[in-house]
Structures are given as structure tokens and as C-alpha cells.
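Read off the chains here:
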Amino acid sequence: MRRLRQDANHLISAGLFLVALAAILTGVIADLWDLNDFRWHTYAGYVMTAFALAHVALNWRKILAYARFRLRRSRPNTSPPRPRPKALPHGPLTPAVVGRAAGGALLSRRGVLGLGVGGLVGVVAGRGLRPPPVIPGGADVGVVYHEWSKPGVLDAIGTVADWGKRPPQYKQYPDANIVVLPEPNLAGQTLVEDAIVERHSTRDYSGAPMSPEELSQVLFLTAGMTRSGRRTHPSSGALYPIEVYPVVHNVQSVPQGVYHYGIRDHALERVRSGDFRVPVVRQGLLQEFLGECNVVLFLTVIFQRMRFKYRDRTYRYGLIEAGHLGQNVYLAAESMGLGACAIGAFLDDEMNRMLGVDGRNEAAVYMLSVGKV
Ligand SMILES: Cc1cc2nc3c(=O)[nH]c(=O)nc-3n(C[C@H](O)[C@H](O)[C@H](O)COP(=O)(O)O)c2cc1C
């Protein structure tokens with residue numbers, strides 16, 4: 001029985017050592033690549049915990065003996081000093097003997113030096129693997145964000161303790177008036193090469209009304225849900241943080257107003273009704289064509305849809321994804337003989353208020369005019 005216990009003890013020690021190495025290695029990988037869901041690290045952690053508990057269970061007598069030995073040592077000692085043994089004494093290896101030897105080794109000058117050097121090497125190696133970014137003096141906020149959002153950058157000064165949970169995938173307006181959109185036409189004649197090569201920004205619109213079919217087609221090609229359940233644009237982690245809000249100025253049989261594009265049902269949900277040409281021109285820093293086109297598409301990002309996974313990189317990914325939708329708008333418009341223009345100059349707060357979003361959890365990041373030429 002005793003032999004069996006010793007064998008188990010040795011096996012568990014070896015296993016603990018190996019699995020601790022695996023946990024360290026996978027932890028470094030997860031940290032360097034900002035992987036917040038790295039299964040191998042989680043599994044290594046669980047197995048390590050199991051080994052550690054088994055190790056404690058098999059060695060609790062030694063641990064108790066050592067604790068008793070330490071407690072005895074900390075009481076004031078009135079007896080004359082004993083010469084310290086240089087190595088383990090001869091004779092049976094009782095728990096008390098092993099405990100005394102281990103404690104002595106740790107508290108010796110060499111032990112303290114070893115612990116210090118080990119700790120220092122760990123800190124230096126850790127910092128070396130994840131160096132803080134070098135930010136030149138006078139850098140703008142974009143440079144600061146860009147540097148700090150690189151994977152592998154030490155986030156010791158980060159203040160985020162909890163990156164939150166994944167929110168619902170679809171925004172809903174249960175009480176909104178719904179405008180059902182016609183089915184999009186997926187048998188177009190324009191070559192993708194032609195659409196890409198001919199694409200351009202249009203700021204002159206004819207003022208003729210757009211048809212609901214045209215609006216439907218533009219919205220579907222911009223952000224619609226495809227047969228596979230995915231979208232017409234890529235999304236990091238397929239998390240789709242972008243919402244589309246068409247502000248309708250002049251579309252047949254669609255009353256003027258602010259709408260939300262319901263991607264699942266390919267329908268419009270009315271957020272506010274009315275003529276928004278004047279406020280939209282003001283929001284776009286008085287670029288008049290924003291009131292002369294037929295519809296202005298506002299793109300927002302719901303940050304938490306990505307933040308729980310991509311943390312500091314969320315903002316980058318949100319803007320990149322908005323850019324994908326923007327190019328879809330251009331190509332869709334080109335293929336249908338419509339005009340489009342991207343707008344980056346706008347008054348964020350006023351825009352967010354019009355869309356009914358708080359500008360913090362969900363914020364407008366892009367607007368595009370679309371219309372008849
Ligand atoms: C992010 C971004 C912001 C833009 N902002 C504006 C804008 O505020 N007003 C405008 O008239 N055009 C804007 N544009 C359109 C550019 O002026 C246009 O793409 C550029 O002049 C090249 O012309 P092209 O699109 O016809 O090839 C923007 C384009 C992008 C990509």
C-alpha cells in the first residue's frame with residue numbers, strides 16, 4: 001500500500017509538472033494573441049487543478065508537519081542554538097525531517113537569492129514578451145489607440161476588469177410600424193468588374209423619386225442576410241456589430257422618416273416619421289446634397305457585440321466592417337445606375353440623437369447618400 005502511494009505520488013508530481021508547463025505555455029499564447037477563449041489553456045488549468053488537489057491529498061501529512069514545524073520555529077526560542085545540519089540527516093525520512101530541510105533550504109541565503117532572481121527573470125521575460133508600446137511625444141489619439149490595441153501589448157495600465165457578455169444579435173423595435181420591402185433581385189446583369197471599375201462618388205442627384213424595389217435592392221446588397229444565414233459583408237467572428245438606419249427623403253410609397261433596417265426580415269422599422277432633410281444636411285456639416293439625394297444610410301456600431309471577444313480591438317473592427325458596408329453601397333448603386341457618396345464629416349451627437357442611439361454603447365460611424373442621378 002505504501003509503495004503504491006509512493007508510486008502515485010511520483011506520477012502525480014510528474015503530471016503536475018508537465019501540465020503546469022502546458023498551462024504556462026498556453027497562457028502565454030493566449031495573452032500574446034489576445035485570445036480570451038483559448039480552450040487548451042482552460043483544459044490545462046482544469047487538469048492542473050485536479051493534479052494539485054491529488055498532490056495535496058497524498059501529502060497532507062507532510063504539509064501539516066511542516067506547518068507545525070514553522071509554528072514552533074516562530075515561537076521565542078529560549079534553548080541554546082543547535083548546529084544546523086548541512087544536508088538531510090541520515091536515518092528515516094520522517095515528514096518532520098523533510099519539512100525542516102525544505103524550510104531551511106528556502107530560508108537560506110541561497111534560497112532567498114534563488115527566489116529573487118527567479119522572480120526578476122519572470123518579470124523581465126514577461127515584459128519582454130509583451131512590451132508596452134513606444135508612443136512618440138505629441139502623438140494624436142489615433143496613434144495612442146492604434147499602439148495600445150496591438151495584440152501582445154502589455155495592458156498593465158488597462159482599467160477594464162470585465163469585458164462584459166455577448167448582447168442580443170438583433171436589435172428589435174416591437175412597437176414600430178413595419179414597411180415590408182420587395183424581394184431583392186439576385187439576377188442582375190452588371191459584371192462585378194464593371195461595378196468596381198466604374199464606381200465613383202456622386203454629389204448631384206436629379207430629384208426623381210426612387211422606387212421601393214431600388215431601396216430594397218440597395219439595402220439587401222449592403223447588409224442583407226444571405227441564404228447561408230451570413231451577410232453580404234464579412235464580419236470578424238461573424239458577430240455583425242453594424243446596424244443600418246435609412247433616413248428616407250424621397251422613395252415612392254415609403255413615408256419620409258428615420259427607419260431601422262431589420263436584417264432578419266428584410267423590412268424597415270420606423271423609428272421616427274417626418275422630413276429630416278434639414279437636420280441631415282446640418283449633421284453633414286451643410287453638405288447640401290445630403291438633402292437632395294433620395295435616402296441617407298447611417299451605419300452604427302453596437303460595440304458590445306464585439307467587445308466581449310475582441311476587447312481593445314473592437315473599435316478597429318467596427319470601423320473596418322462599416323467600410324465593407326460602405327463599398328457595398330457604392331457597388332450596389334453603380335450596378336443599378338444610382339449615385340452614392342460616403343460621408344465622414346458629420347456631427348456625431350446630433351446624428352445619434354436623431355437615430356435614437358446613446359452614442360456610447362451604439363454610435364453612428366458612417367453615413368452614405370444614395371439617389372437617382
Ligand atoms: C471615410 C470617407 C469619408 C468621406 N467623406 C466625405 C465627405 O464628407 N464629403 C464628400 O463629399 N465626400 C466624402 N468622401 C468621398 C471622397 O471624397 C471620395 O471617395 C474621393 O474624393 C474619391 O472619389 P471617388 O469616390 O469618386 O473615387 C468620403 C470618403 C470616405 C472613404
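This text goes with the structure placed above it.
**A word on the packing of helix α7 (residues 212-223) against helix α11 (residues 314-335)**
The description of two helices packed together rests on the angle between their axes and the distance between the axes.
Moving on, step 1. It is at 8 Å that the axes of α7 and α11 come closest, and there the two elements cross at 140°. Crossing geometry of α7 relative to α11 is assigned as right-handed. Of α11, the residues touching α7 (which contributes Val218, Leu221, Thr222 and Ala223) are Leu325, Asn328, Val329 and Ala332.
Moving on, step 2. Its residues assigned to classes, the contact of α7 with α11 comprises 6 nonpolar, 2 polar and no charged.

**Some remarks on the packing of aromatic side chains**
Moving on, step 1. Counted under the stated rule, the structure contains 5 aromatic pairs.
Moving on, step 2. When the ring of Trp40 is compared with that of Tyr43, the centres are 5.9 Å apart and the planes differ by 85°; the resulting orientation is edge-to-face. Here the residue Trp40 and the residue Tyr43 both occupy positions in helix α2 (residues 39-74), the gap between them amounting to 3 residues, near one helical turn.
Moving on, step 3. Residue Trp40 is classed as exposed on the basis of its relative accessible area, which comes to 60%.
Moving on, step 4. Directly above the ring of Tyr330 sits Arg199, whose terminal nitrogen or CZ lies 4.8 Å from the centroid.
Moving on, step 5. Sitting over the ring of Tyr170, Arg264 keeps its end group 4.1 Å from the ring centre.

**Re the site of the ligand**
Moving on, step 1. Contacts to the ligand come from Arg199, His200, Ser201, Arg203, Gln287, Phe289, Cys341, Ala342, Ile343, Gly344, Ala345 and Tyr366.
Moving on, step 2. Between the ligand and the protein, one listed contact pairs an oxygen atom with a side-chain N or O atom of Arg203 at 2.6 Å.
Moving on, step 3. Note that a nitrogen atom of the ligand is positioned 3.1 Å from one of the backbone N or O atoms of Ala342.
Moving on, step 4. Here the ligand, which alone exposes 620 Å², has 52% of that area covered by the protein.
Moving on, step 5. Among the elements that make up the shell around the ligand, the one with the highest residue count is strand β6 (residues 338-343) (3 residues).
Moving on, step 6. Each residue belonging to the shell around the ligand can be placed in one class, and the counts come to 6 nonpolar, 4 polar and 2 charged.

**Digging into the pattern of salt bridges**
Moving on, step 1. For the coordinates displayed, the defined rule picks out 6 salt bridges.
Moving on, step 2. Across the pair Glu147 and Lys150 runs a salt bridge, and its minimum N-O distance is 3.0 Å.
Moving on, step 3. Given a relative accessible area of 33%, Lys150 falls into the partly exposed group.

**A word on the nonpolar core**
Moving on, step 1. Among the nonpolar cores identified, the biggest contains 56 residues, and Leu215, Tyr261, Leu268, Val280, Phe298 and Met367 are the most heavily contacted of them.
Moving on, step 2. Once residues within four sequence positions are removed from consideration, Phe298 is found in contact with Glu243, Val244, Tyr245, Val247, Val280, Gln283, Met351, Met354, Leu355, Tyr366 and Met367.

**Side note on a nonpolar patch on the surface**
Moving on, step 1. Where nonpolar side chains cluster on the molecular surface, the patch consists of Phe17, Leu18, Leu21, Ile24 and Val28 and spans about 500 Å² of accessible area.
Moving on, step 2. Structurally, Ile24 is set in helix α1 (residues 2-32).

**Observations concerning the state of the cysteines**
Moving on, step 1. Using the criterion set out here, one finds 0 disulfides in the structure.
Moving on, step 2. Cysteine Cys293 is unpaired, with the sulfur of Cys341 as its nearest cysteine sulfur at 9.5 Å.
Moving on, step 3. Its relative accessible area of 2% is what places Cys293 among the buried residues.
Moving on, step 4. For Cys341, a relative accessible area of 2% puts it in the buried group.

**Let's talk about the environment of Glu213**
Moving on, step 1. Relative to the helices and strands, Glu213 is located in helix α7.
Moving on, step 2. Considered as a pair, Glu213 and Val251 are 38 residues apart in the sequence and their alpha carbons are 9.7 Å apart.

**As for the pairing of β6**
Consecutive side chains of a regular strand alternate in pointing toward one face of the sheet and then the other.
Moving on, step 1. By the criterion of burial, β6 is predominantly enclosed, with 5 of the 6 residues buried.
Moving on, step 2. In terms of strand pairing, β6 meets strand β7 (residues 362-372) through 6 bridges, oriented antiparallel. Bridge pairing in β7 links Ala342 to Leu368.

**As for the side chain of Thr26**
Moving on, step 1. With respect to the secondary-structure elements, Thr26 resides in helix α1.
Moving on, step 2. With relative accessibility at 12%, the residue Thr26 sits in the buried group.
Moving on, step 3. Here the side chain of Thr26 touches His41 through a polar contact of 3.0 Å, side chain to side chain.
Moving on, step 4. When neighbours within four sequence positions are excluded, Thr26 is seen to be in contact with Phe38, Trp40, His41 and Ala44.

About the thresholds
Residues numbered from 1 in each chain as written. Predicted model: local features only at pLDDT ≥ 70, side-chain atom pairs only at ≥ 80, totals over all residues. Heavy atoms only, no water. Axes fitted to C-alpha atoms, helices over the stretch in contact; angles between N-to-C directions. Helix = DSSP H or I, 4+ residues; strand = E, 2+ residues; numbered from the N terminus. Left-handed = near helix turned anticlockwise from the far one by under 90°. Contact = heavy atoms within 4.5 Å. Nonpolar A, V, L, I, M, F, W, Y, C, P; charged D, E, K, R; others polar. Phe/Tyr/Trp six-rings, centres within 6.5 Å; stacked < 30°, edge-to-face > 60°. Buried < 20%, exposed > 50% of the residue type's maximum accessible area, 1.4 Å probe, protein only. Lys NZ or Arg CZ within 6 Å of the ring centre and 35° of its normal. Near = heavy atom within 4 Å. Polar contact = N/O pair within 3.5 Å; in protein donor to acceptor, adjacent residues only side chain to side chain. Areas by Shrake-Rupley, 256 points an atom, 1.4 Å probe, with all protein chains shown as cover. Salt bridge = Lys/Arg side-chain N within 4 Å of Asp/Glu carboxyl O. Core = buried A, V, L, I, M, F, W, Y, C linked by side-chain atoms within 4.5 Å. Patch = residues over 30% accessible without salt bridge, like charges linked within 9 Å, V, L, I, M, F, W, Y side chains within 5 Å. Disulfide = S-S within 2.5 Å. Pairing = 2+ DSSP bridges.

Read these as geometric descriptors, not functional statements.
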